[in-house]
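# Overview (structure and organization)
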Amino acid sequence: MAAQEIQIKREPMEEAELDNRIIELCSEIPKGITDAVIQNDMPQFSPQERVMAINRLLSTNKVCLLKSGSQLIYKLKDPDVGNKTKGGDTQEQIMYQIIEDAGNKGIWIRDIRTKSNLPMTAVNKLVKSLESKKVIKAVKSVSASKKKVYMLASLEPDRSVTGGAWYSDQDFESEFVEVLNQQCFNYLEQRVKLARESNSEPMTQRNASFASSSDVWKFITELGISKVSLAVEDIETILDTLIYDGKVEKSIVAGGGAADGESQVKLYRAITPVIINTGLMRSPCGVCPVFRECHEAGIVSPSTCLYMKDWLDA
Amino acid sequence: MSLEQIKLCSFILREHFGEVAEKIVNYLLRKGSTSLKPLTTECGFTLDKVKRCLAALIQHGIVTFSQHKAGFVEYFASVDNVLSYLFFPQYINCAKTLFGDESELIIEELLHQGQLTMSGTINRVTQRLAQAESSQDVYGVRDKFVDLIKTQFVKQCPLLTPDSKARSPAFAEDTENPEQAFTVPQVDLAGLVKRKRKISDDENEDHARKKRKLENSAAEKCGDEGIYWTINHARFQQYLRDQAIVTAVSRKVDVRAGEIIACFLRISEMKTASESISTNAITYNEIFQSLPKEMGITRQILDQYLRIIVEDASDFLQKTGDSGGGMFAINFQRAFKHLCQAHVQSVIGEKYGSKCLRVYRLLAMKGHLEQKQIEEMAMIPAKEAKEMLYSLFDEQLVTIKEVPKTPDHAPSRTFYLFGIQLNQVARMLLQKTTKAMLNVCLRRAHETQQHRRLLEKQQRMEAIIASMENLEEEQKTEIEEMVTPAEKAQLSKIKKMTHKLEQCESQLCDTMFVMEMYIKYAHMK
């Protein structure tokens, strides 16, 4: 009996030791620990004792229980969580966890539901309450206009969500892109003109007409037409559209001169098209909307064509 | 051979040869080949009329004939030879810029007559020159003619083989000796010189009678009877092809680069077979030596220009080796692919707007793309991009390729890739251009028809003025006043209109030419 008493007396001390050791292990391995890890570390404790220790820690919100495959994993709980979701219940905390895990990419409300295994109505309520507490925020995604994603209020949304500099409120700013496209081309055209006027050797002229993407970037930032700050990569995508327009050509050279030590420099140059305009487009038939229906002696015919008449009278 | 082409052929033949020829060639084109009999019965003309018409068409190389195995003679018509009538203004212009006014007249005469002997051509040209009071004599014209033969712009018609058994005359085929077509015959021009003097002697003799008489005597004396000459279409086409490349390079790089390419093409002419995809390689030294000295291009500058043209995205010139200071060649297949793309893009840019052009060029550069990728790369809002792609698809300018993930081809599990098939697009544009050409021609004919009375009146008036040589200034104005000011205004308007339409025809010709060249070279291996 006496021995038993001693054992009982010893228990609280042992319990505290076990609790601390588990927390220590958790902080050593941030990915989380399994039951086997605890058992290996402290073989002196029986399974029951371990279960009791875990339960104690769970109830005091020190660790949390996660499932990975068929195994259970114990993970240290973020000390802030307790503060942020103060007053919230466990469901709210779970919600917070899920949203936090999604990072700055955000998570869709239906995905929260499947992860949390809560009914939709509950999820809606919880998300709303978190939103009202300004712990999380809703961001509209550009990829699907009706889809809202949730992320922590402190985070800056990822480019894939906002669409980068070209989107404002998930609308693509095509006018902004057009203006930049124009300005970039103007700049490159001026370069060509200057190079032409220099009257130097053909190769030097050609080289002088090239401008690197960072040159163009500097020009655009100094113009101050953009309210958002643009990166050199943004300008490069604009310059790419100019290449697709057939107005500019790109050439990549090994970057010796680049101050920022890049291995290659992208150079751009305005070009003149090979032909002015094809003959077909200089005749009224080229743009005629009823060209297919046009036949001699038909309702629409070349002899009675009004477009042709206007063109000839002009 | 398409419907539009046949319609255009009909129009050209009606304008140049009249309705009989139009019907006959139309029938021949529909049937492929026929003998003489069905031509008379089906077209409803008398045998004599058909025969004379065929003779004229054969003379102009539009109709050819051969003996069928069964013994009768069958006739064929060729669309291409009729369509080459559209290029005649360009041929004449080419002869003029290359060799001067006399050559222009020589080519004009050959085009008018289809085939002529050398002495006959020289005779006609000297007469016309005499009318224009030019100082050029018979030998000068002869030299120009020889130039044209040597540069192969004019070729000899195949000679007849004397074969008494055959029912149709057959032509000797110079397959073993292609040089034969370009050998200059011995022509004794003494008769022509004498005659020229005679013309000036008895000027008031009846013109027509004299002409007939002189032509007889020319054939007697000059010793080139039976040797007929005609235009070498292939050579002119080759010249136009080279010109197209030169203009493109001058626009893309600069004028001097264009001149270098022109020089390059001049050298390669002699070395390259006319029907090959690319020119033979020419060394840097050869190019430098044959550059005209007055251009003032040093070795260094030439080197730079060549590098610029080679590095240019337009693919006109390729470097094929390093020997002799670098070997260069022009690949016509690639050059015309690029030119054809440029024309197609010009159509898209003008008709559908610059954003559509961006989408099209993006596809041309990247091959196959999904709609989503196109939106992102071209930076065009999804809705707009969709509209543009579908309208391009509707016009058959882009194609769609389905790549299913599962064998059931379910739309939700299939990639839809947009792409371009330039060959088809070029063919379609060629059809459209042909039709536009026909429309413009028809309109021109319509306008002249409408104002025929007025135009005839003007012609009459001009004829009167021309016939009365020593006219007082007063009388002249009197005659001119036959045309009222209102009519004069109308006439100048008609003139402006015809000019505009003709200019348009020539521009359409250019587009047609590039498309045809692209299609031709695309099929060569």
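What counts, and at which threshold
Residues numbered from 1 in each chain as written. Chains lettered and ligands numbered in written order. Predicted model: local features only at pLDDT ≥ 70, side-chain atom pairs only at ≥ 80, totals over all residues. Heavy atoms only, no water. Helix = DSSP H or I, 4+ residues; strand = E, 2+ residues; numbered from the N terminus. Buried < 20%, exposed > 50% of the residue type's maximum accessible area, 1.4 Å probe, protein only. Polar contact = N/O pair within 3.5 Å; in protein donor to acceptor, adjacent residues only side chain to side chain. Pairing = 2+ DSSP bridges. Contact = heavy atoms within 4.5 Å. Axes fitted to C-alpha atoms, helices over the stretch in contact; angles between N-to-C directions. Buried area = accessible area lost by both parts, 1.4 Å probe. Salt bridge = Lys/Arg side-chain N within 4 Å of Asp/Glu carboxyl O. pLDDT = per-residue confidence, 0-100. Expected span 1.5 Å × (residues − 1). Phe/Tyr/Trp six-rings, centres within 6.5 Å; stacked < 30°, edge-to-face > 60°. Parallel < 35°, antiparallel > 145°, perpendicular 65-115°, else oblique. Left-handed = near helix turned anticlockwise from the far one by under 90°. Nonpolar A, V, L, I, M, F, W, Y, C, P; charged D, E, K, R; others polar. Patch = residues over 30% accessible without salt bridge, like charges linked within 9 Å, V, L, I, M, F, W, Y side chains within 5 Å. Areas by Shrake-Rupley, 256 points an atom, 1.4 Å probe, with all protein chains shown as cover. Lys, Arg positive; Asp, Glu negative; His and termini not counted. Charge placed at Lys NZ, Arg CZ, Asp CG, Glu CD.

## What to know about the side chain of Q318 of chain B
Residues and elements named next belong to chain B. Looking at the secondary structure, you find Q318 in strand 10 (residues 317-321). On the accessibility criterion, Q318 (12% relative accessible area) is buried. In this structure the side chain of Q318 is engaged in a polar contact, spanning 2.9 Å, whose partner is the backbone oxygen of D315. Side-chain polar atoms of Q318 contact the backbone nitrogen of N331, separated by 3.3 Å.

## Describing the sheet that holds strand 10 of chain B
Residue and element names in this part refer to chain B. The three strands lie next to each other as 9-11-10, forming an open sheet whose pairing is antiparallel. Two strands bound the open sheet, and with one partner strand each, they are strand 9 (282-283) and strand 10. Packed on one face of the sheet, helix 15 (residues 299-311) meets strand 10 and strand 11 (327-330) and runs near 110° to strand 10.

## Quick word on the pairing of strand 2 (residues 63-67) of chain B
Residue and element names in this part refer to chain B. As judged from the five bridges shared by strand 2 and strand 3 (residues 73-77), these two strands associate in the antiparallel manner. Residue pairing in the sheet places T64 in a bridge with F76 of strand 3. Between strand 2 and strand 3, which pair antiparallel and follow one another directly, the connecting turn spans five residues, one of which, G71, has a positive phi of 115°.

## Side note on the interface of chain B and chain A
Across the boundary between the two partners, chain B contributes 58 residues, which contact 52 residues of chain A. Between chain B and chain A, the buried area comes to about 4800 Å², and carbon and sulfur atoms account for 60% of it. Looking at the side of chain B facing chain A, the largest losses of area belong to R251, M379 and R443 of chain B, adding up to 16% of the total buried there. Counting the contacts that link chain B with chain A gives five salt bridges. On the surface where chain B and chain A come into contact, there are 23 residue pairs in polar contact (both at pLDDT 80 or more). Here the side of chain B that touches chain A gets 11 residues from one element, more than from any other, and that element is helix 20 (residues 422-450) of chain B.

## Focus: the confidence of the model for chain B
Residues and elements named next belong to chain B. Scored by pLDDT, chain B has a mean of 83; 87% of the residues are at 70 or more. In this model residues 198-213 is a low-confidence stretch, pLDDT under 50, and it forms eight contacts with partners more than four residues away in sequence or in other chains. Confidence estimates for the predicted assembly give a pTM of 0.78 and an ipTM of 0.77.

## Describing helix 8 (residues 118-131) of chain B
Residue and element names in this part refer to chain B. Helix length check: helix 8 (14 residues) gives 20 Å between terminal C-alpha atoms against 20 Å at 1.5 Å per residue, within 8%. For helix 8, the buried fraction is high: 11 of the 14 residues fall into the buried class. If you check which residues of helix 8 are buried, you get M118, S119, G120, T121, I122, N123, R124, V125, T126, Q127 and L129.

## Remarks on the side chain of S213 of chain A
All names here are of chain A. Checked against the element boundaries, S213 lands in helix 11 (residues 213-223). S213 sits in the buried class, given a relative accessible area of 6%. In terms of polar contacts, S213 uses its side chain to reach the side chain of E236, at 2.9 Å.

## Describing the packing of aromatic side chains
Residues and elements named next belong to chain B. Under the definition given, this model contains 13 aromatic pairs over all chains. For the pair Y85 and F88, a centre-to-centre distance of 4.5 Å together with 35° between the ring planes defines the contact as tilted. Neither Y85 nor F88 differs from the other in exposure class; each is buried. Aromatic side chains F332 and Y521 sit 5.7 Å apart centroid to centroid with 25° between the ring planes, which places their arrangement in the stacked category. Pair noted here: F332 is in helix 16 (residues 332-352) and Y521 is in helix 23 (residues 485-522), with a separation of 189 residues, a long-range link. Of the two residues, F332 and Y521, neither departs from the other in class, the shared state being buried. Ring pairing ties together the aromatic residues F17, Y85, F88, Y91, F99, F153, F236 and Y239, which thus form one cluster.

## Overview of the sheet that holds strand 1 (residues 33-34) of chain A
Residue and element names in this part refer to chain A. Spatially, 1-3-2 is the arrangement adopted by the three strands of the open sheet, whose pairing is antiparallel. Of all strands in the sheet, those with a lone pairing partner are strand 1 and strand 2 (63-68), marking the two edges. As paired elements, strand 2 and strand 3 (residues 71-76) share six bridges and run antiparallel to each other. Paired with C64 across the strands is K75, a residue of strand 3.

## Examining the pattern of salt bridges
Under the defined criterion, the tally for this structure stands at 34 salt bridges over all chains. Of the charged contacts, one joins R206 of chain A and E311 of chain B as a salt bridge, the two residues approaching to 2.7 Å between their closest N and O atoms. Residue R206 of chain A is located in helix 10 (residues 202-209), and its partner E311 of chain B is located in helix 15; the two belong to separate chains. With a relative accessible area of 10%, R206 of chain A lands in the buried category. A salt bridge links K96 of chain B to D101 of chain B, with the nearest nitrogen and oxygen atoms 4.0 Å apart. A relative accessible area of 44% places D101 of chain B in the partly exposed class. Because the salt bridges share partners, they merge into one network encompassing E108, E109, R124 and R128 of chain B.

## Here we look at helix 16 of chain B
Given a rise of 1.5 Å per residue, 21 residues ought to cover 30 Å, and the 29 Å separating the end C-alpha atoms of helix 16 of chain B matches this to within 8%. Just beyond helix 16 of chain B, the residue with positive phi is G353 of chain B, at close to 100°.

## Examining the packing of helix 9 (residues 174-197) of chain A against helix 12 (residues 232-245) of chain A
Residues and elements named next belong to chain A. Between helix 9 and helix 12, the least distance of the axes is 9 Å, while the angle of their chain directions is 75°. With respect to helix 12, the element helix 9 is oriented roughly perpendicular. Contacts from V177, L180, N181, C184, F185 and L188 of helix 9 reach helix 12 at I238, L239, T241, L242 and D245.

## With respect to the packing of helix 21 (residues 452-467) of chain B against helix 22 (residues 473-480) of chain B
All names here are of chain B. Between helix 21 and helix 22, whose axes approach to 10 Å, the crossing angle comes to 165°. One element, helix 21, and the other, helix 22, form an angle in the roughly antiparallel class. The crossing of helix 21 and helix 22 is right-handed. Facing helix 21, whose interface residues are M461, I464 and I465, helix 22 presents K476, I479 and E480. Its residues assigned to classes, the contact of helix 21 with helix 22 shows four nonpolar, no polar and two charged.

## Structural notes on the environment of K405 of chain B
Residues and elements named next belong to chain B. Among the structural elements, K405 can be located in the loop between strand 13 (399-404) and strand 14 (414-419). Exposure remark for K405: the relative accessible area of 55% places this residue in the exposed category. Once the C-alpha coordinates of K405 and T283 are considered, the two residues, 122 residues apart in sequence, prove to be 52 Å apart.

## Looking at a nonpolar patch on the surface
Together, V179, L223 and I225 of chain A give the surface a local cluster of nonpolar side chains, amounting to about 220 Å² of exposed area. Positionally, V179 of chain A belongs in helix 9.

## Brief notes about a negative patch on the surface
Residue and element names in this part refer to chain B. Taken together, the side chains of E472, E473, E474, E478, E480 and E481 make up a negatively charged region of the molecular surface. Structurally, the position occupied by E481 is in the loop between helix 22 and helix 23. Residue E481 is classed as exposed on the basis of its relative accessible area of 60%.

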